[in-house]
Amino acid sequence: MRLIFIVLLLAIGLRGYEWISSANTPWAPLSLADPIGSFTLRKIDTLSDDYALCQSLLENVGRNFSPLPPVEQNANCGYDNGVALENGEGMVYSPAARISCPVAAALVLWERQILRPAAFKYFGAKVEEVVTYGSYSCRRINNANEGNYSEHATANAIDIAAFRLSDGRTISVAGHWNSADEKSAFLKEMRSGACEVFGTTLSPDYNAAHADHLHLDQARRGGWSFCR
Ligand SMILES: [Zn+2]
């Protein structure tokens, strides 16, 4: 009886340790190899002040990238923590993803924990190409003539339009967001997964301006993440 009790305690302890040692603790340092946990996004936030740490996280998981030279276009546009994500396990962003390092770190988590597993689950395929509508762009929100500058103006955002699979199929936000099949389920999983690692995630469910892409950025609105 006592033995059973001890075994039970050990089992509970091990489960607890597993949970504590993962991304669910605020004190454990961020690793892009870890599963996404309840403190992951907060840890990604801290990377905006630490370009060197952010690059080392990409290096630690063997993700191909190059640091970008700083860009100072004008008072509102430019960046000094940019990276270009290169071929990652046979997958490219096209045009190439030139983004702030915290956006890259979140994308790498998303690639590893959300995108690749879902492509395999829904289609039994690999993702070879993530088609983007660009990242850095000196402009205001919604291309307006006045108002706040977009996160794109500091390379802190990326727009994702479609995914080309190893079997030749292409799943696009414009074509399949509301399709009555697994393509829509896959795209919605891409959106909800992104919400776990990006401060702001906007999809066709948000407004017509996002009918053909997912906008992912690392800003928080009033300290809260925004997921639509
Ligand atoms: Zn955007």
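Here we summarise the structure given alongside this text.

Conventions and cut-offs
- Residues numbered from 1 in each chain as written.
- Predicted model: local features only at pLDDT ≥ 70, side-chain atom pairs only at ≥ 80, totals over all residues.
- Heavy atoms only, no water.
- Buried < 20%, exposed > 50% of the residue type's maximum accessible area, 1.4 Å probe, protein only.
- Helix = DSSP H or I, 4+ residues; strand = E, 2+ residues; numbered from the N terminus.
- Pairing = 2+ DSSP bridges.
- Bend = angle between axes of the 7 residues up to and from the residue.
- Disulfide = S-S within 2.5 Å.
- Contact = heavy atoms within 4.5 Å.
- Polar contact = N/O pair within 3.5 Å; in protein donor to acceptor, adjacent residues only side chain to side chain.
- Core = buried A, V, L, I, M, F, W, Y, C linked by side-chain atoms within 4.5 Å.
- Axes fitted to C-alpha atoms, helices over the stretch in contact; angles between N-to-C directions.
- Salt bridge = Lys/Arg side-chain N within 4 Å of Asp/Glu carboxyl O.

Quick notes on the pairing of strand β4 (residues 82-85)
A regular strand places its side chains on the two faces of the sheet in alternate fashion. Neither face of β4 is left uncovered, since the one carrying G82 and A84 and the one carrying V83 and L85 both have all their residues buried. Here β4 pairs with strand β6 (residues 97-100) via 4 bridges, running antiparallel. Across the sheet, residue L85 finds its bridge partner in β6, namely A97.

Structural notes on helix α4 (residues 101-123)
Along α4, the sharpest kink reaches roughly 45°, centred on E111. Just downstream of α4, G124 is the residue with a positive phi angle, here 60°.

What about the state of the cysteines?
In a disulfide, the sulfur atoms of two cysteines are held together by a covalent bond. Applying the stated criterion across every chain yields a total of 3 disulfides. In this model, C54 is linked to C101 through a disulfide, with the two sulfur atoms separated by 2.1 Å. As the torsion about the S-S bond is roughly -100°, the C54-C101 disulfide counts as left-handed. Linking C54 in helix α3 (residues 51-60) with C101 in helix α4, this pair joins segments that are 47 residues apart in sequence. In this structure, C54 and C101 share a single accessibility class: buried. Counting its disulfide-bonded cysteines in sequence order, the protein shows a connectivity of 1-3, 2-4, 5-6.

Thoughts on the environment of Y149
In this structure, Y149 sits in the loop between β7 (127-132) and β8 (157-165). The class for Y149 is partly exposed, based on a relative accessible area of 26%. Counting along the chain gives 11 residues from Y149 to C138, while the straight-line C-alpha distance between them is 7.9 Å. Those residues in contact with Y149 that lie beyond four places of it in its chain are N76, C77, C138, R139, R140 and I141.

Overview of the side chain of E129
Take E129: it is sitting in strand β7. Among the polar contacts made by the side chain of E129, one reaches the side chain of S94 at a distance of 2.4 Å.

Side note on the nonpolar core
Counting 48 residues, the largest nonpolar core has L107, W110, F163 and F186 as its most contacted members. Listed by contribution, the elements that provide at least two residues to this core are α3, β4, β6, α4, β7, β8, α6 (182-195) and β11 (214-217). With 14 residues, α4 is the largest single contributor of residues to this core.

A few points about the sheet that holds β6
The strand order across the open sheet formed by 3 strands is β1-β4-β6, and the pairing between neighbours is antiparallel. Since the sheet does not close on itself, it has two edges, and those belong to β1 (65-67) and β6, each with one partner. Sheet twist, expressed as the mean angle between neighbouring strand axes with direction ignored, is 25°. With 3 bridges joining them, β1 and β4 adopt antiparallel strand pairing. In the strand pairing of β4, P67 is matched with V83.

Re the pairing of β11
Neither face of β11 is exposed, since L214 and L216 on one face and H215 and D217 on the opposite face are all buried. Summarising the sheet, β8 and β11 pair through 4 bridges and their orientation is antiparallel. Bridge pairing in β11 links A157 to D217. Sheet analysis places strand β10 (residues 200-202) next to β11, joined by 3 bridges and oriented antiparallel. Across the sheet, T200 pairs through a bridge with D217, a residue of β11.

Side note on the pattern of salt bridges
Evaluation of the coordinates by the stated rule reveals 9 salt bridges. Measuring nitrogen to oxygen at the nearest pair gives 3.2 Å for the salt bridge that ties R164 to E128. Here the residue R164 occupies a position in strand β8, and E128 occupies one in strand β7, the gap between them amounting to 36 residues. In this structure E128 comes out as partly exposed when scored by relative accessible area, which is 30%. Connected via shared salt-bridge partners are E128, E129 and R164.

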